[in-house]
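Structural description and commentary
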Amino acid sequence: MNERIKEIKKHESPPKVIKNLYNEEEIKEFLKLYENLPTTVHNKKQNVIKKRWLQGYSEKLEKIFCERLKKEIGDFKMDNLQDENGKDIFGLIQESRSPIGLHVDAGFELKNQIYKQSLIPLSSVGSTVIFKNRFYDCSTSFTQDPEELKKKKLGYGQNKRSSEHLKLYGDKPFDKEIHKKYLKHENIDNLKGLEVELIYEWEVGSMLIFDRTHLHCSSSVIEGNKIGIATFTRK
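Criteria and cut-off values
Residues numbered from 1 in each chain as written. Predicted model: local features only at pLDDT ≥ 70, side-chain atom pairs only at ≥ 80, totals over all residues. Heavy atoms only, no water. Core = buried A, V, L, I, M, F, W, Y, C linked by side-chain atoms within 4.5 Å. Buried < 20%, exposed > 50% of the residue type's maximum accessible area, 1.4 Å probe, protein only. Helix = DSSP H or I, 4+ residues; strand = E, 2+ residues; numbered from the N terminus. Contact = heavy atoms within 4.5 Å. 1 Å grid on protein atoms, 1.4 Å probe; cavity = no way out; pocket = protein on both sides within 12 Å on 5 of 7 lines; lining within 4 Å. Points joined across faces, edges and corners; volume = space filled by probe spheres on them. Nonpolar A, V, L, I, M, F, W, Y, C, P; charged D, E, K, R; others polar. Expected span 1.5 Å × (residues − 1). Arc of directions from axis to C-beta.

Section: the nonpolar core
Core analysis: the biggest nonpolar cluster contains 28 residues, and Y22, F30 and F65 have the highest contact counts within it. Elements represented by at least two residues in this core include exactly helix 2 (24-36), helix 3 (59-73), strand 7 (114-121), strand 12 (207-211) and strand 14 (226-234). For this core, the element with the highest residue contribution is helix 3, accounting for 5 residues. In this structure, F30 is in contact with Y22, W53, L61, I120, L122 and I229, ignoring residues within four places of it in sequence. Within the second largest apolar cluster, 19 residues are counted, among which are F135, Y136, F142 and Y169.

Quick look at the structure:
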């Protein structure tokens with residue numbers, strides 16, 4: 001095991017949910033921030049709108065967010081992508097009408113020591129499935145779809161595509177009941193060898209924190225659309 005992975009493992013811990021971290025007024029301010037930010041990506045195929053949380057749109061929310069996250073995870077550096085001027089962004093605010101598939105947000109710079117990621121729901125219906133299985137390479141979307149696996153020319157900040165996970169975790173069939181209830185959008189064979197660590201039922205005002213090495217995905221439980229803020233840190 002190389003030194004980088006050893007260092008990452010030192011800081012790993014189970015996922016945790018902090019309830020009532022943000023009050024109603026602060027959630028309204030986050031939603032206003034989402035309205036004011038320019039759209040970064042509108043992927044009509046995936047039915048997803050992504051906006052980068054750029055610095056300077058709400059210094060009050062930036063301060064609140066960083067202070068509360070530090071209280072939970074200790075010292076960290078942001079490890080989100082940067083804007084055109086090379087400034088760190090605080091995260092991605094994403095509005096989706098269809099679930100996002102199996103992936104890992106392990107970053108794009110292998111030299112970085114990845115740490116925790118957080119999710120703040122801004123809408124109440126939704127859930128996120130965190131698996132016990134971990135991955136120590138770069139940000140990757142896991143699929144068996146031959147068309148997806150052909151995609152090699154990726155833009156800045158796009159996950160590589162891989163079916164490597166199917167060789168890593170054994171071939172134990174995935175739990176059929178969990179699949180039926182939460183993961184109907186995923187081919188059950190694509191989940192072979194995976195075990196669920198936590199199913200986080202979205203709750204406005206709470207925040208989920210988990211290691212960036214965890215495989216995870218949205219659940220198929222969506223009513224209309226859902227909005228959440230994802231942020232990524234390193235040591």
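Things to note about empty space enclosed by the protein
Under the defined criterion, the tally for this structure stands at 1 cavity of 30 Å³ or more. Of the volumes computed, that of the largest cavity is approximately 40 Å³. As for the largest cavity, its lining consists of I8, H11, E12, I114, Y115, K116, D211 and T213. Residues of the lining of the largest cavity, tallied by class, amount to 3 nonpolar, 2 polar and 3 charged.

Brief notes about helix 2
In an α-helix there are 3.6 residues to a turn, and that puts residues three or four apart on one side. Across its 13 residues, helix 2 extends 19 Å between first and last C-alpha, which sits within 8% of the 18 Å expected from 1.5 Å per residue. Among the residues of helix 2, those classed as buried are E26, I27, F30, L33 and Y34. The arc that holds the buried residues of helix 2, viewed along the axis, is 110 degrees, so those residues lie on one side. Exposed and facing more than 90 degrees away from the buried side of helix 2 are E24, K32 and E35.

Brief notes about unusual backbone geometry
The backbone of N20 shows a phi angle near 50 degrees, a positive value even though the residue is not glycine. With respect to the helices and strands, N20 occurs in the loop between strand 1 (16-18) and helix 2.

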